[in-house]
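Take a look at the letters that make up each chain.
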Amino acid sequence: MPDAIVFETDRHLKWRALDGLERALMAACGLCLLGFTLAELGDVLGRMLHHPLASAQEFSSGFFIWGIFLGGAVAVRRDTNFRIGAISDKWTGTPRLVAELVKRAVMLAVAVVLTVFGYLNFLHGFGSFMAPSETPIAVLYAAIPVSGLLIAIFVIEGLICGLRNGFAGELTDVERAVAASTATDQPIA
Amino acid sequence: MTGNSGVAILVMAAIAVLLGYLGVPVAFALMASVFVVVVLFTHISLASIVGQLFNGVNTLTLLAVPFFLLVGELMVSANITIRIVNFAQALVGHLRSGLAQVVSVFSLFFAGISGSSTADVVAISTVLMPEMKREGYDPAFTAALIASASTIANMVPPSILAVVYGSVGNVSIGGLFLAGATPGVMVALGLMIYSYYFGPVGIRKGRATFVDLAVAFKAAALPLLIPFIIVGGILTGQFTPVEAGMVAILYVILVLLPLHSRGHFKRLPHSFMHAGALYALPLMAVASASAFGWVLAYLRGPDVVSGWIEHAAGHNGIAIMFLIVLILVIVGDFLEGIPAIIIFMPLILELVKLGHIQPVHMGVVIIVTLAFGNITPPYGLQLLLASSLAKVAWSRALVACLPLYAIFFIVIALIIVIPDLTLWLPRWLFPQSLGCFTNPMTHVLTCPQS
């Protein structure tokens, strides 16, 4: 597998300034995976040694949930979220522009809902607690508004760059599906 | 269902499909359709729906998904899979259409390790595609065969679809793992038989000697232990499916990498990052599909569809399963397997009750049907992937794949009509997964009739 962490395809739809954020989010995804792997390991070892780690499952849940929503956000910039083959990818001119604007407007609207209502849930989350550590569940709920905010940033980045440089992507439908299913935009073979 | 609910369901489905075809990612298309319908047709707050996204993935059983994806990623990136390919070659490489036989046998073995059909396609394509090209195999046939064989990963343990199905439907994941093994073997055999009679001849090779076979087996033995660790750990009650996934990762990192691919350690952070980014994709779809399914259930959609199915099939379990397969074959063409399971779970649970169907049996039928969706247009992800790697037009790979569809139809029909084909293994090794229990007075195993 190739080493590249930041996707280089569709560079005309991205700002170099946000490459660091993509790299940091990828590292966070890896750390989340490592985190809940270790938490599960601690859980099993603790049980085998008759000293169960009461909070292991809370750590597992925390890393798992944060990993999903951070990974979902970074996938917006890498354009690796699952998609049905887009008919609009074959369009050119004004129809393509309209389709791209609608697509990004929808994603931005979803991101705003996730941020605003996710934040409300986060505030309510201080009233509920995870057992046995009594940590407010808001710690987990926070992943959704953070993800919404990151998605909004990446959608706006694509929108502005696309309006300046054009939306036509470098990848075909098939190549995009490959990138989505392997989390890499580099040649595999 | 009121007329208003019917309109709401239609609007929700139409928005999701329309946005999907406009290029909006599936997770966002589902979320947008849910948000619109909730605001226009219900009194549910958007905060509740966003909470439902959270609830959809706040299930510890789903932790097995990233673990099995990481095992696949490590096996492929550390190039350990070559040992399994060599063993498959020693076993069946001498048969007619030898490399095609190797693809089927390898996929069956690898499916027992990773649970990800994508990892399977990548692994087999990097190793065998160049060789198949040299031997004159039509790239379209190669892509079709590799894609079809990769679907076995969704059937045999540790299948990610089985983890999601068991987790959401409250069905024994161990039972689903065992019950899925037979259809996986049937598909592999079907592909081998098809390749033998209708595939390219390839270059005939001599049968491997016993010594060659023993050497190849010795080299592949440690990777091939993974399915036994996973399934054995679950069946003996040592691990939950999640813990089994974690143990499999430890086994790869602590045993396989030091022995077979020591140089890979410095790339371990990359493997974690890639797998970390990969697992978020299906689980974002799970989160959004969970909200979609929840609103669908709120609007009483499953009741209506189960009413239609009851009208057409009565309480006949077999007829009900054929109808749900028909629906899922159509839906599976447009929707990835994991969100399809989540969205349709309320309906599936209704149908299980309606037809008195054994839940594990229903689960395996659904999983095999959705696995088939990986090679049907327009969203046949594995066919897209394999055709891209074989550098052949997707349309040509699709034409080459059409005869292979017959194998899936036959397997699905057989496992519906003969439940014992899937249930014999869990009944033998893990009867508790089918609801069987040992009567404390008579010590006789009693199983529910379905």
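Residues numbered from 1 in each chain as written. Chains lettered and ligands numbered in written order. Predicted model: local features only at pLDDT ≥ 70, side-chain atom pairs only at ≥ 80, totals over all residues. Heavy atoms only, no water.

Comments concerning the overall build of chain B
Logical step 1: A count of helices and strands for chain B gives 21 helices and two strands.
Logical step 2: Rg of the C-alpha trace for chain B: 22 Å, near the compact-globule value of 22 Å for 450 residues, within the 12% margin.
Logical step 3: The dimensions of chain B, computed from C-alpha atoms along their principal axes, are 70 × 65 × 45 Å.
Logical step 4: Counting the 450 residues in chain B, one finds 64% classified as buried.
Logical step 5: Of the contacts made within chain B by residues no fewer than 6 positions apart, 77% connect residues no fewer than 24 positions apart.
Logical step 6: A total accessible area of about 15900 Å² is found for chain B, and carbon and sulfur atoms account for 69% of it.
Logical step 7: Both charge centroids of chain B, one from 16 positive and one from 13 negative side chains, sit 13 Å from each other. (Helix = DSSP H or I, 4+ residues; strand = E, 2+ residues; numbered from the N terminus. Rg over C-alpha atoms; globule rule 2.2 N^0.38 Å. Buried < 20%, exposed > 50% of the residue type's maximum accessible area, 1.4 Å probe, protein only. Contact = heavy atoms within 4.5 Å. Areas by Shrake-Rupley, 256 points an atom, 1.4 Å probe, with all protein chains shown as cover. Lys, Arg positive; Asp, Glu negative; His and termini not counted. Charge placed at Lys NZ, Arg CZ, Asp CG, Glu CD.)

Some points on the nonpolar core
A general tendency of soluble globular proteins is for nonpolar side chains to be buried together.
Residue and element names in this part refer to chain B.
Logical step 1: By size, the foremost hydrophobic cluster in this structure holds 216 residues, and its most contacted members are Phe35, Met75, Leu128, Tyr165, Ile226 and Met362.
Logical step 2: It is helix 14 (residues 268-298) that provides the largest number of residues to this core, a total of 18 residues.
Logical step 3: When sequence neighbours within four positions are dropped, the list of residues in contact with Tyr165 reads Asn170, Val171, Leu176, Ile341, Met345, Ile348, Pro359, Met362, Gly363, Ile366 and Ile367.
Logical step 4: Grouped together as the second largest cluster of nonpolar side chains are five residues, Leu178, Ala181, Val231 and Leu425 included. (Core = buried A, V, L, I, M, F, W, Y, C linked by side-chain atoms within 4.5 Å.)

Section: the confidence of the model for chain A
Logical step 1: Here chain A averages 85 in pLDDT, and 85% of its residues register 70 or above.
Logical step 2: Counted against residues more than four places away or in other chains, residues 185-189 of chain A, with its pLDDT under 50, gives twelve contacts. (pLDDT = per-residue confidence, 0-100.)

Describing unusual backbone geometry
Logical step 1: Note the cis peptide between Ala131(A) and Pro132(A), where omega equals 5°.
Logical step 2: By secondary structure assignment, the location of Pro132(A) is in the loop between strand 1 (129-130) and strand 2 (135-136).
Logical step 3: In this structure, the amide linkage connecting Pro157(B) to the following residue, Pro158(B), adopts the cis form with an omega of 0°.
Logical step 4: Tracing the chain through its elements places Pro158(B) in the loop between helix 8 (139-150) and helix 9 (160-169).
Logical step 5: Of note, Glu134(A) is a non-glycine position whose phi angle comes to about 65°, a positive value.
Logical step 6: You can see Glu134(A) is positioned in the loop between strand 1 and strand 2.
Logical step 7: On the basis of relative accessibility, which here comes to 53%, the residue Glu134(A) falls in the exposed class.
Logical step 8: For Asn170(B), which is not glycine, the phi dihedral falls at a positive 55°.

Quick word on the side chain of Thr182(B)
Residue and element names in this part refer to chain B.
Logical step 1: Positionally, Thr182 belongs in helix 10 (residues 173-198).
Logical step 2: At a separation of 3.2 Å, a polar atom in the side chain of Thr182 contacts the main-chain carbonyl oxygen of Leu421.
Logical step 3: Every residue in contact with Thr182, bar those within four places of it in the chain, is listed here: Leu421 and Trp424. (Polar contact = N/O pair within 3.5 Å; in protein donor to acceptor, adjacent residues only side chain to side chain.)

Points about the interface of chain B and chain A
Logical step 1: Listed as interface residues are 64 residues of chain B and, on the opposing side, 66 residues of chain A.
Logical step 2: Summed over both sides, the interface of chain B with chain A buries roughly 6100 Å², with 78% coming from carbon and sulfur.
Logical step 3: At the surface where chain B touches chain A, the tally comes to one salt bridge.
Logical step 4: Two residues, Glu243(B) and Arg47(A), come together in a salt bridge whose shortest N-O distance is 2.7 Å.
Logical step 5: The interface formed by chain B and chain A includes five residue pairs in polar contact (both at pLDDT 80 or more).
Logical step 6: Where the side of chain B that touches chain A is concerned, the elements lending two or more residues are helix 1 (3-22), helix 2 (26-41), helix 3 (46-57), helix 4 (64-77), helix 7 (117-134), helix 13 (241-260), helix 14 and helix 19 (381-389) of chain B.
Logical step 7: At 15 residues, the largest contribution of residues to the side of chain B that touches chain A is made by helix 14 of chain B.
Logical step 8: A class-by-class count of the residues in the side of chain B that touches chain A yields 47 nonpolar, 13 polar and four charged. (Buried area = accessible area lost by both parts, 1.4 Å probe. Salt bridge = Lys/Arg side-chain N within 4 Å of Asp/Glu carboxyl O. Nonpolar A, V, L, I, M, F, W, Y, C, P; charged D, E, K, R; others polar.)

Points about the pattern of salt bridges
Residue and element names in this part refer to chain A.
Logical step 1: According to the stated counting rule, one finds 14 salt bridges over all chains in the structure shown.
Logical step 2: Arg77 is the salt-bridge partner of Glu22, the closest N and O atoms lying 2.7 Å from each other. Of this pair, Glu22 sits in helix 1 (residues 19-48) while Arg77 sits in helix 2 (residues 56-78), placing them 55 residues apart in sequence. Comparing Glu22 with Arg77, the two get one shared label, buried.
Logical step 3: Put simply, Arg11, Arg16, Asp19, Glu22, Arg77, Arg78 and Glu157 are held in one network by salt bridges that share partners.

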